[in-house]
Amino acid sequence: MATVYYLIQNMLPVAMPLLLVALGGMFSEIGGVVNIALEGIMLFGAFFGALFVYFVQNSGMNPQTVLLLGMLVAAVAGLIYSLLLSFAAVTMKADQVITGTSLNMLIPAVILLFAKMFFISDGITTNMNFYIKEIPVLGKIPVLGDMFFQKTYLTVMISFVFLIIAIIIFYKTKFGLRLRACGEHPHAADSVGINVHRMRYAGTSISGILGGIGGFFYSVGVMDGNVNGHTGVAGFGFLALAVMIFGQWKPIKIFFAAMFFAFLRTLAYSVSLIPFLANLGINQTYYKMLPYIATMVVLAFTSKKSRAPKAEGIPYDKSQR
């Protein structure tokens, strides 16, 4: 049972960044903008969040307060970076895939340059510990307390809140309905007075906010608050795209897809704790490949069945009416 607790406790901090970034990609794509730049947005948010933590880590502030403030900084950073994609793809009608790819390539180089100039390092290293050994009261609940409220991070609880908010926005608000309309039938949406460009900016901006927060949560829950220009976010932005597609652009399905990929990654790093797997004598490197192999398999079998909104990625131009 202790192994099960360990796997769940270590799986959740990995799953939550994937969940947030995939939800961000969902909001962007249902509005009609393919956000390939999620990897870059994650790294940009993680960089500024970690930079904030670096400057306040010796101020005596409560670590969880610092985490919340760092989350806000990362959200603003992600928003600003996503506006570059919005401007290029929506306003200038540039190719969305090429724009997103260029944004992904830009930020690692910028971080490396900045870190080399000011920290004489490959990234930003912090010494603040955000780890929560046990949440009062909730941590005492039998079974559930051990699984979800002990040896965890505040990022897990915050991510669940964002998931609930995303579900409400997606299914229960006028904004969610209009955003889906702008992705599926932009000309029809425009004909009833919806500003398609503004809605697409909004969808991409939400994507940037969630992507930035997801990047910071990755640096907290996976990298212990550090950001490295060489390793970046280890392909989590692209993995989040696979999670989004596997989840068929629906929040609840995206949540379970994120848990699935996070479980595979956690399992790969916990082989020595599971006698059956340890006795197989397989090199751990092969287990570490599991999430990415699963990504390719999932995309191969779901790409034809799972379809993004029909107008996804098609530049909208009023002159076409």
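Residues numbered from 1 in each chain as written. Predicted model: local features only at pLDDT ≥ 70, side-chain atom pairs only at ≥ 80, totals over all residues. Heavy atoms only, no water.

Run through the layout of surface pockets, naming residues and quoting values.
Approximately 310 Å³ is the volume attributed to the largest pocket. Looking at the largest pocket, it is lined by 15 residues, and the ones nearest its centre are Gln9, Asn10, Pro13, Val14 and Gly221. Mapped by element, the contributors of at least two residues to the lining of the largest pocket are α1 (2-30) and α11 (251-268). In terms of residue class, the lining of the largest pocket is built from seven nonpolar, five polar and three charged. (1 Å grid on protein atoms, 1.4 Å probe; cavity = no way out; pocket = protein on both sides within 12 Å on 5 of 7 lines; lining within 4 Å. Points joined across faces, edges and corners; volume = space filled by probe spheres on them. Helix = DSSP H or I, 4+ residues; strand = E, 2+ residues; numbered from the N terminus. Nonpolar A, V, L, I, M, F, W, Y, C, P; charged D, E, K, R; others polar.)

Please give an account of the pattern of salt bridges that cites residues and values.
Applying the stated criterion across every chain yields a total of two salt bridges. With a closest N to O distance of 2.9 Å, Asp122 and Lys116 form a salt bridge. Of the residues examined, Asp122 reaches a relative accessible area of 22% and is grouped as partly exposed. Measuring nitrogen to oxygen at the nearest pair gives 3.4 Å for the salt bridge that ties Lys140 to Glu134. Residue Glu134 is classed as partly exposed on the basis of its relative accessible area, which comes to 31%. (Salt bridge = Lys/Arg side-chain N within 4 Å of Asp/Glu carboxyl O. Buried < 20%, exposed > 50% of the residue type's maximum accessible area, 1.4 Å probe, protein only.)

Quick one: what's the story with the packing of helix α2 (residues 38-56) against helix α3 (residues 63-91), residue by residue and with numbers?
Packed helices, taken two at a time, are described by the angle their axes make and the gap between the axes. As a packed pair, α2 and α3 sit with axes 8 Å apart at the nearest point and diverge in direction by 145°. In the packing of α2 onto α3, the handedness of the crossing is right-handed. Touching Gly40, Ile41, Phe44, Gly45, Phe48, Gly49, Phe52, Val53 and Val56 of α2 are Val66, Leu69, Gly70, Val73, Ala74, Ala77, Gly78, Tyr81 and Ser82, all from α3. Class assignment of the residues belonging to the contact of α2 with α3 gives a composition of twelve nonpolar, six polar and no charged. (Axes fitted to C-alpha atoms, helices over the stretch in contact; angles between N-to-C directions. Left-handed = near helix turned anticlockwise from the far one by under 90°. Contact = heavy atoms within 4.5 Å.)

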